[in-house]
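Structure assessment
Letter by letter, the chains look like this.
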Amino acid sequence: MRYRAWVTIILLAVAVASCAKKEEPVAEKHAAKRYVVPKSFDRELNETELDSLRQMKATHRVTRDEYWDGYGGVMASDEFEVWYPDGKVNALQGMAMLKLAAEARAKTANVFGKAPAERVVIVCAGDLDVYTSTTGRQWWHYSRIVGDTISIQPPISLYTRGLLGVIGPREYYEWAIVKLSKGHTPRWVQEGFASYLAGEAPVLEELRQDFGSDEMSMRAVESALEQETDRQATRRAYYNAYRTIETIAKAHGEQALGRFVTALGEKDDVEAASQEAFGQPFDDVVDAGRAWAATQ
C-alpha cells in the first residue's frame, strides 16, 4: 500500500515535503521536536560513499531517490519506502535500512512461503529525542509499528550500539508476521518468532542482567508484551518468548512455525492452525516449547 499521509510522515521523520505536487514543506510547528543535523552529516558524499550507494541502489532496485535540503529524503523500491532525516550523508542510513529490509523480505518468502504484498514504509528518526517525542515510545523500545509504517530509532545510533543488523530485520519480520496472520498471531509468538528469525539471541542474553530470574508463565509473557510499560518485565517477556520459539523451531523447524502463522491468516483458529502446522494441539506445542525453562 503506497503511503500518502504526508503530515504523518512529517510528524515522524521531521518534515519532508511532497515532491509530486511541488508544495512547500509543512510548517515546522507540526514536528514535536526538530532534528539538528550534525555538520559531519551535512556534506556531499565522497566518491567511495557514492559508489557504494550506486551499487546498493542497483542491487535492491531503488526506483525513487529524492532529497530536500533542510528536511531529509526518501529511498524507495516496489516493496519499501524508507524516509531518512536531514543531512546528505543520511542517505546511506536510508539505504542501509532498505537493504536490511530487502534481505529480511527474501528470508520471509523462504520461511513463510510468501512475503506480504503490501509496501512497508520505514521512517528513520534523526535522533533519540525526535524518536521518543514523535512515537510516544521510550528509549528502550526500538520501534513503533502502526499499520504498514515502521518508525525506528536512528539507524546510526543502532549501528554504533551493535544493534542495526538485528533490529532492522527484526522489525520487518514482526510487521510481516502481523500481515501474514492478519493480526491473529499471539503476541508472544509474534515477538519471539521475529527475534528468532533476526538472530536476536546474543542481544537478549546480554539484557538478562536487567531482569534477574528468567522464567515467566506464558500468560504473564503475553500480558507484559501487550502492555510494554515496564522495562524489566518487558525484556524478561521477550527473552521467554524467544526461548520458547527457539525450542519449538528446533523440534518442528522454522517452516512449520511459518505455516502456523500463515494458517492463522487463513483460518483465524489457533487449534486448527496448530494441527495443520505441527500436527498436535497448540497447548502441547507450547508445553514442549517451555522445556528450556526446566534447565534454568
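Relevant structure appears above.
Focus: the nonpolar core
Soluble globular proteins: nonpolar side chains tend toward being buried together. Formed by 79 residues in total, the largest nonpolar core has its most connected members in Y172, W188 and F193. Top element by residues in this core is helix 3 (residues 90–112). It accounts for ten residues. Discounting residues that sit within four places of it in the chain, W188 has contacts with M218, V221, E222, L225, A241, T244, I245, I248, F282 and V286. One finds W68, V74, A76 and V121 within the second-largest nonpolar core, a separate group that totals six residues.

Focus: the packing of aromatic side chains
The full count for this structure, using the stated rule, is twelve aromatic pairs. With a centroid separation of 5.5 Å and an interplanar angle of 50°, the aromatic rings of F112 and F193 are classed as tilted. One end of the pair, F112, is in helix 3; the other, F193, is in helix 7 (residues 187–198), and 81 residues separate them in sequence. Like F193, F112 is buried. Between the aromatic rings of Y172 and Y173, the centroid separation amounts to 6.5 Å while the plane-to-plane angle is 70°, which identifies the pairing as edge-to-face. For Y172, a relative accessible area of 1% translates into the label buried.

Considerations on the packing of helix 3 against helix 11 (residues 254–267)
Each pair of packed helices can be summarised by the angle the axes make with each other and by the distance between the axes. Where helix 3 contacts helix 11, the axes come no closer than 8 Å and their chain directions differ by 85°. When the interaxial angle is binned, helix 3 and helix 11 end up roughly perpendicular. Residue-level inspection shows K107, N110, V111 and F112 of helix 3 in contact with helix 11, the latter providing E254, Q255, G258, V261 and T262. When its residues are assigned to classes, the contact of helix 3 with helix 11 shows three nonpolar, four polar and two charged.

Some details on the pairing of strand 5 (residues 143–146)
Where strand 5 and strand 6 (residues 149–152) come together, four bridges link them in antiparallel fashion. Bridge pairing links V146 to T149 in strand 6. Taking the residues between adjacent antiparallel strands as the criterion, strand 5 and strand 6 are bridged by two residues, where G147 takes a positive phi near 60°.

Overview of the pairing of strand 3 (residues 80–84)
Within strand 3, five of the five residues are buried, which leaves the element mostly enclosed by the surrounding structure. Inspection of the sheet shows strand 2 (residues 72–76) paired to strand 3 by four bridges, in the antiparallel sense. Looking across to strand 3, one finds that M75 is bridged to V82. Connecting strand 2 to the next strand, strand 3, in antiparallel fashion are three residues. Here strand 3 pairs with strand 4 (residues 120–124) via four bridges, running parallel. Bridge pairing in strand 4 links W83 to V123. In this view, the connection linking strand 3 to its parallel neighbour strand 4 by way of helix 3 has left-handed handedness.

Parameters and conventions
Residues numbered from 1 in each chain as written. Predicted model: local features only at pLDDT ≥ 70, side-chain atom pairs only at ≥ 80, totals over all residues. Heavy atoms only, no water. Core = buried A, V, L, I, M, F, W, Y, C linked by side-chain atoms within 4.5 Å. Buried < 20%, exposed > 50% of the residue type's maximum accessible area, 1.4 Å probe, protein only. Helix = DSSP H or I, 4+ residues; strand = E, 2+ residues; numbered from the N terminus. Contact = heavy atoms within 4.5 Å. Phe/Tyr/Trp six-rings, centres within 6.5 Å; stacked < 30°, edge-to-face > 60°. Axes fitted to C-alpha atoms, helices over the stretch in contact; angles between N-to-C directions. Parallel < 35°, antiparallel > 145°, perpendicular 65-115°, else oblique. Nonpolar A, V, L, I, M, F, W, Y, C, P; charged D, E, K, R; others polar. Pairing = 2+ DSSP bridges. Right-handed = clockwise from strand over helix to strand, strands pointing away.

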